[in-house]
Amino acid sequence: MGFREVPVKIRKSRIARFLGILACALTYLSPVHGQSASEWLTSSGDAARDAWQRSETSITPGNAAKITLLWKVKVANKTMGMQSFREPLIVTGIKTADGSHTLAILAGAANDVYAIDAESGTVVWQTKLKWASEKPEETTEGEGFICTNAMAATPVVSPIDAAIRRLYVLSSDGYLHIVDLSTGAESDPPIQVLPLPYGKAYGLNLVNNVVYTVTGQGCGGNPNVLYAVDLDNKKVTLSSPSQGGIWGTAGPAVGSDGTVYFETGDGPYDASTGKLATTFQAYTFSNDHLTLKDYYTPSNYKWLSRRDLDMNDTPVVFPFKGRDLVAGSGKEGRFFLLDSKSLGGADHMTPLFRSELLSNKNVNFQTEGTWGSLASWEAKDGTRWVLGPTGGVAAVNFPKSYGPTPHGGIIALKLVEKAGKLELEPVWLSRDMVTSEPPVISNGVVFVLAAGEFTGQANDDVGGLFDAKERIQRSVPAKLYALDALTGKELYSSGDQVTSFLHQAGLSVAGGKIFFGTFDGTIYCFGLK
C-alpha cells in the first residue's frame, strides 16, 4: 500500500521543527486574508472567503499528477441526517504533552471535535462538547434532510499572531464553545449565540476579535439573521428583522473595511421594513450594533422566489483598483459582480455586472445552479479569476471544456473590462463531477471534491420529499480532483480511493497536503511523498 492507515505517533525531526518555526516567522497576516504559510483557519481559508491558499509551493501544475493518498484514519463520528464532518482546519505549532504538532481539526455533526496530527494521521485528541443549553438535548436527528439537529457551522481558529490561540465551535446547543488547541478542553465558559438549540448556522468568521455567523431555514425556531459575538465583552448582537434563509455554507464574508456580506434566500420582501429576501446584504458592526449598510436585489426577485431559486451562496470579496468587489451567485445560475461602494446603485437593483445564464437552463431548484460558496484568485499576470461549483449542463459554451457535464462541475470566469465596464467572462468548464463542492486554489492548481452526494429533494415517483436515508442510499463515493487553474484541464483524480460521499463539507489545503472527511467517519490526507 502507498499510504499509512491509522499509524502510531511519530516524533518529528529537528529539521521539521525548524521548518515549522520558520514558516511561522514568515507568516503574512491581514484581517481579511488571514492565512499563514501553512494554515487554514476558517471556512474558505480566510475572512473574504476566497478559498485561495496563497503560500502553497509544494504542489504545482507540473507535479500534481504525482499526488497520492498519504494517510487515512477512521473515527467513531456520529452522523446526523446527511451531516458528518465540517471543513477541516489546519493549525501549526500546537504544543501538546508529547510535542509540537500541526493539527487537522474536524468538527463532527454530533458535537464531537477531532484533532489529527497532519503528518501521521494519529488522533492527538478528541472531545465531546458539553451541552450548555437549559433546554434538554434531543435524542433524535430532527426531521427530513434540512433541520437535522446537527452542528452545521465550520469552526474558526484565532490568528497566528493572537496572544492566546483558541478554537471556536458553535455547537448544536446554540452556544459558542472556546476550546484549548493543545488539549481539546474548554478553556472558558460557553457563550449563548442562538436564541434556541438546533439552529442551522454556517461557517464562523473571526475578524478583529468578533465572531460572525448566519443561520438559515428557521431550524429550531431560530431567526434567519446575522450574528456578531464580541469576544472582548462576550456580548452577542443579532441583525433585524429575520430574513429569508441565509445558507451560504461558508457563512458570511468580510471585506477589507470590516463590512460583512451575505446572501438571503426566498421569502417575504418589503424594503421599507428591511425584509430583503433573495438579496445581497452588507452590514457594519460597531459598538455592539449591526447596521444595514447597503443591499442589492435582482430585478427578477419575485420570479426567483416563486421558483425557489434562492440566492444561496456565500459571496466572495476581493480587491480591485482601491476598492472591494463582491461576486456571488445562486440557484438561478447567474453570476453577479457588485461594487462595495454601492452594491446595487440608487435603486438597489443595478449591479456592476449580471451575467447571462451560465447554468440551470432547466430552472431546477434542486440539483442545478450554483450552491455553497465561490472562490477567487489573482494570476501572476494580474488577471482576477472567480470560480464556482455548478450543477447540471452548462447553459453557454465555454472556450475550454472537457466533455458533457450532466452533473455539473466547476466553472471559471475572469474579470475583464470592456468599454469601461467590468464583466465576468467565461473561460473554462471542468470535466463532469457529481455534486462538486466549492473549489480551493493553490499555486496554479484548483482542488475540488466531487462529493458524490445525491441532491434531489422532490420524490417524483411517490410524491413528497426524499428523506436523509433515501438520499444517503442514492449517493456515490467522492472523488478528489486537481485541475490546472488557467485551463481547467484535469491533472489528477483520486479514482476509487475514497469510499464514501460527503455533504457540504469541502476540503482544505495547507503545507502541501489536501484534507477532507467523508460521511462514513473517514478522514483523508492527500499530497506528494
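Definitions and cut-offs
- Residues numbered from 1 in each chain as written.
- Predicted model: local features only at pLDDT ≥ 70, side-chain atom pairs only at ≥ 80, totals over all residues.
- Heavy atoms only, no water.
- Helix = DSSP H or I, 4+ residues; strand = E, 2+ residues; numbered from the N terminus.
- Rg over C-alpha atoms; globule rule 2.2 N^0.38 Å.
- Buried < 20%, exposed > 50% of the residue type's maximum accessible area, 1.4 Å probe, protein only.
- Contact = heavy atoms within 4.5 Å.
- Areas by Shrake-Rupley, 256 points an atom, 1.4 Å probe, with all protein chains shown as cover.
- Lys, Arg positive; Asp, Glu negative; His and termini not counted.
- Charge placed at Lys NZ, Arg CZ, Asp CG, Glu CD.
- 1 Å grid on protein atoms, 1.4 Å probe; cavity = no way out; pocket = protein on both sides within 12 Å on 5 of 7 lines; lining within 4 Å.
- Points joined across faces, edges and corners; volume = space filled by probe spheres on them.
- Nonpolar A, V, L, I, M, F, W, Y, C, P; charged D, E, K, R; others polar.
- Disulfide = S-S within 2.5 Å.
- pLDDT = per-residue confidence, 0-100.

1. Some thoughts on the overall build of the protein chain
Secondary structure assignment for the protein chain yields three helices and 38 strands. In terms of overall size, the protein chain behaves like a compact globule, its C-alpha atoms giving a radius of gyration of 21 Å where 529 residues would be expected to give roughly 24 Å. Referenced to the eigenvectors of the C-alpha coordinate spread, the extents of the protein chain come out at roughly 60 × 55 × 55 Å. Across the 529 residues of the protein chain, 61% fall into the buried class. Considering only contacts in the protein chain between residues 6 or more positions apart, those separated by 24 or more positions represent 58%. When the accessible area of the protein chain is evaluated, it comes to approximately 20,000 Å², of which 52% is carbon and sulfur surface. Positive and negative side-chain charges in the protein chain, numbering 48 and 53 respectively, have mean positions lying 5 Å apart.

2. Considering the environment of tyrosine 524
In this fold, tyrosine 524 is placed in strand E38 (residues 522-527). Given a relative accessible area of 0%, tyrosine 524 falls into the buried group. It is 11 Å that separates the C-alpha atoms of tyrosine 524 and serine 494, two residues lying 30 residues apart in sequence. Among all residues touching tyrosine 524, those that are not within four sequence positions of it are Leu69, Trp71, Lys72, Gln497, Val498, Thr499, Ile514, Phe515, Phe516 and Thr518.

3. Remarks on unusual backbone geometry
What is expected of a backbone is that most residues other than glycine have negative phi and most peptide bonds are trans. In the segment running from serine 240 into proline 241, the intervening peptide bond is cis, with an omega of 5°. The residue proline 241 is located in the loop between strand E15 (236-238) and strand E16 (253-254) in this model. Of note, lysine 234 is a non-glycine position whose phi angle comes to about 65°, a positive value. Despite not being glycine, asparagine 443 has its phi angle at roughly 55°, a positive value.

4. Focus on empty space enclosed by the protein
In the structure shown here, the tally under the stated rule is four cavities of 30 Å³ or more. A volume near 160 Å³ is recorded for the largest cavity. Along the walls of the largest cavity sit 18 residues, with Glu87, Ser373, Pro438, Ala505 and Gly506 positioned nearest its centre. Its residues assigned to classes, the lining of the largest cavity shows eight nonpolar, seven polar and three charged.

5. Points about the state of the cysteines
Taken as a whole and assessed by the stated rule, the structure comprises one disulfide. Across the disulfide, cysteine 147 is cross-linked to cysteine 219 (sulfur-sulfur distance 2.0 Å). Between cysteine 147 and cysteine 219, the disulfide has an S-S torsion of -80° and is therefore left-handed. Of this pair, cysteine 147 sits in the loop between strand E7 (123-128) and strand E8 (156-157) while cysteine 219 sits in the loop between strand E13 (210-214) and strand E14 (226-230), placing them 72 residues apart in sequence. With a relative accessible area of 23%, cysteine 147 lands in the partly exposed category.

6. Things to note about the confidence of the model for the protein chain
Looking at the protein chain, the pLDDT average stands at 92 and 93% of residues meet or exceed 70. The low-confidence segment residues 1-30 (pLDDT under 50) makes 49 contacts with residues lying over four places distant or belonging to another chain.

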